[in-house]
Amino acid sequence: TTDPMQASALQSISRCYRLGLRRPAREFPARGFQSARPRRWSGASAAADGGTAVEDIPATKGGKGGKRDLQEAYREVREILTDPSRLVRAVASGKAKGADPEWRRLEMRPVALKGGVKLQVVKYDQRQAFTSNHAYAGAATAGPRGRRGRRATGADPSRTAKAPPDADEAVDDALRCGFGNWRVETAAEVLSLRVTKSGEAVVSRSRSLLANAKKGGERAVTNQPLAHDRQKSRLLSPSDPFLVHVGVSTKDGAAIKANRRDKYKQVEEFLRLVDAAVDAARTGGHMSRGTSARPTRLVDLGCGNAYLTFGAYALLNRTRGQPLEVVGVDVKRQARETNRRVASALGWDRDCVFVEGTIAGADLAFPTPREGDRSPPAGDQSPPGKSTSEP
């Protein structure tokens, strides 16, 4: 007789090997994910498959999930993931029993790039995301590029960059990771796949949001790849003369320079705060729109190179059309002189004034004087007038 504990251990080891709960990487289709449940085979299916028996999988009703062979479920998911005309978005997360995915989460979607439609894969670890784009099978791809972005022609293959894997290979790699849950969205439905503890698949379907939006309509539901360079909501266009002059945008104003994107994001986020504050002040009756005779006044204390100062003026005055006068204060004389040159080059020197001084002791001289303004001390080169406590 065999010791009961020893027999139980042998059964567990045998089951682990059947379910593929081993450390080596699985190949697709992953034999390690074969179902441990006895299968029901259909003779009719065997005849249709050239004499090879095929598992008879019962259909599910009402979209409710039913257990299926994981191999078959993965093949269905793979067909959608590798077809840009069907895939809208796919998300993989969690982990199957005994698996240890390298990534915490993975997303896929087709995107329209300059080189054509590609499969975009975004992999997330605990701290950041890694994005890669993969050409679909049969799609024409551009050759590898050299150091200066030129396509390499007739170059030594050993010295050129290795092309990334195609979409099929990227999908196979994702399916081998061992995720426990997949959510695959098409224009018509949402397919959800969950890997059970026994190594089977529970698949359920539901109508997608796109299909619901057009339910009962005459137009057919279509899926178009999302444009990678889709139009973003921006307060300041890259073509704004201020951004072009200070070198944040390219000379033709078509785009933001790659090495100045952080500065552009800083300006944009600041302008969103300014825009919201101005809107709230007007709504609450605390701020008028201003007129040419009495323009709104804005002070930037510690303006530095005045990126935010000029940005606020460009948004409120040039874009929103609000009469505005700005004074920038900084302790550095170099900052004052540089900012004055920029304002003059942009033709904004009438409304944008820069003075040298501390926050406590600076004389705020606005171009349009008001009753109650004090004259600046003798020797100050700024325009006359000093602001009161009124904004």
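Quick summary incoming for the structure in this document.

Thresholds, definitions, all that
What you see as residue numbers is a count from 1 along each chain, following the sequence as written. Confidence filtering applies because this is a predicted model: local features only for residues at pLDDT of at least 70, side-chain atom pairs given and counted only at 80 or more, and all residues used for totals across whole chains, interfaces and linings. Calculation of side-chain values draws on the structure's entire complement of heavy atoms; hydrogens and water are dropped beforehand. Two aromatic rings from Phe, Tyr or Trp, using only the six-membered ring of Trp, form a pair when their centres are within 6.5 Å; if the ring planes differ by under 30 degrees the pair is stacked, by over 60 it is edge-to-face, and anything between is tilted. Only protein chains enter the accessibility calculation, which uses a 1.4 Å probe; a residue is then buried when its area is under 20% of its type maximum, exposed when over 50%, and partly exposed in between. A run of H or I in DSSP becomes a helix once it reaches four residues, and a run of E becomes a strand once it reaches two; helices and strands are each numbered from the N terminus. Only residues whose relative accessible area exceeds 30% and that take part in no salt bridge are eligible for patches, with like-charged residues grouped when within 9 Å of each other and nonpolar side chains (Val, Leu, Ile, Met, Phe, Trp, Tyr) grouped when within 5 Å. Residue exposure ignores everything except the shown protein chains as possible cover, and the areas themselves are Shrake-Rupley values with a 1.4 Å probe. The term salt bridge refers to a pairing of a side-chain nitrogen on Lys or Arg with a carboxyl oxygen on Asp or Glu at a separation within 4 Å. Under this definition, polar contacts are N or O atom pairs within 3.5 Å; protein pairs additionally need one hydrogen-donor-capable and one acceptor-capable atom, and for neighbouring residues in sequence, both atoms have to be side-chain atoms. Whether two residues are in contact is decided by their heavy atoms, any of which lying within 4.5 Å being enough. In this analysis, axes come from line fits to C-alpha atoms, helices being fitted only over the stretch in contact, and the angle between any two N-to-C directions falls in the range 0 to 180 degrees. Small angles under 35 degrees read as roughly parallel and large ones over 145 as roughly antiparallel, with 65 to 115 read as roughly perpendicular and the rest as oblique. Take the far helix as your reference; a near helix turned counterclockwise from it by less than a right angle gives a left-handed crossing, and one turned clockwise gives a right-handed crossing. Note that Gly is not counted as nonpolar here; it falls among the polar residues with everything else outside the nonpolar set of Ala, Val, Leu, Ile, Met, Phe, Trp, Tyr, Cys and Pro and the charged set of Asp, Glu, Lys and Arg.

**Structural notes on the packing of aromatic side chains**
The description of an aromatic ring pair uses the distance of the two centres, along with the angle that the planes make with each other.
Here is step 1: Applying the stated criterion across every chain yields a total of seven aromatic pairs.
Here is step 2: Aromatic side chains Phe 179 and Trp 182 sit 6.2 Å apart centroid to centroid with 90° between the ring planes, which places their arrangement in the edge-to-face category.
Here is step 3: Judged by relative accessible area, Trp 182 falls into the buried class, the value being 3%.
Here is step 4: Residues Phe 242 and Tyr 307 carry aromatic rings whose centres are separated by 6.3 Å and whose planes lie at 65° to one another, so their mutual orientation is edge-to-face. With Phe 242 in helix 6 (residues 241-245) and Tyr 307 in helix 8 (residues 307-319), the pair connects residues that are 65 residues apart, well separated along the chain. As far as the burial class goes, Phe 242 and Tyr 307 line up, both buried.
Here is step 5: Here the aromatic cluster, defined as three or more aromatic residues joined through ring pairs, consists of Phe 242, Tyr 307, Phe 310, Tyr 313, Trp 348 and Phe 354.

**Describing a nonpolar patch on the surface**
Here is step 1: A surface patch of nonpolar side chains, about 250 Å² in accessible area, is lined by Val 299, Leu 301 and Ile 359.
Here is step 2: Here Ile 359 lies in the segment after strand 14 (352-356).
Here is step 3: Assessed through its relative accessible area of 56%, Ile 359 is described here as exposed.

**Let's talk about the side chain of His 134**
Here is step 1: As for its placement among the helices and strands, His 134 is situated in strand 7 (residues 129-135).
Here is step 2: His 134 sits in the buried class, given a relative accessible area of 6%.
Here is step 3: Within the structure, His 134 has its side chain in polar contact with the backbone oxygen of Pro 165 (distance 2.7 Å).
Here is step 4: Residues in contact with His 134, not counting those within four places in the same chain, are Lys 118, Leu 119, Val 121, Pro 164, Pro 165, Asp 166, Ala 167 and Ala 170.

**Let's talk about the packing of helix 7 (residues 261-283) against helix 8**
Here is step 1: With their axes 10 Å apart at the nearest point, helix 7 and helix 8 run at an angle of 50° to one another. Classified by the interaxial angle, the pair formed by helix 7 and helix 8 is oblique. You can see that helix 7 and helix 8 cross each other, and the crossing is right-handed. Where helix 7 abuts helix 8, its residues Lys 263, Gln 266, Val 267, Phe 270, Leu 271, Val 274, Asp 275 and Val 278 lie against Tyr 307, Leu 308, Gly 311, Ala 312, Leu 315 and Leu 316.
Here is step 2: Looking at side-chain class alone, the contact of helix 7 with helix 8 contains 10 nonpolar, two polar and two charged residues.

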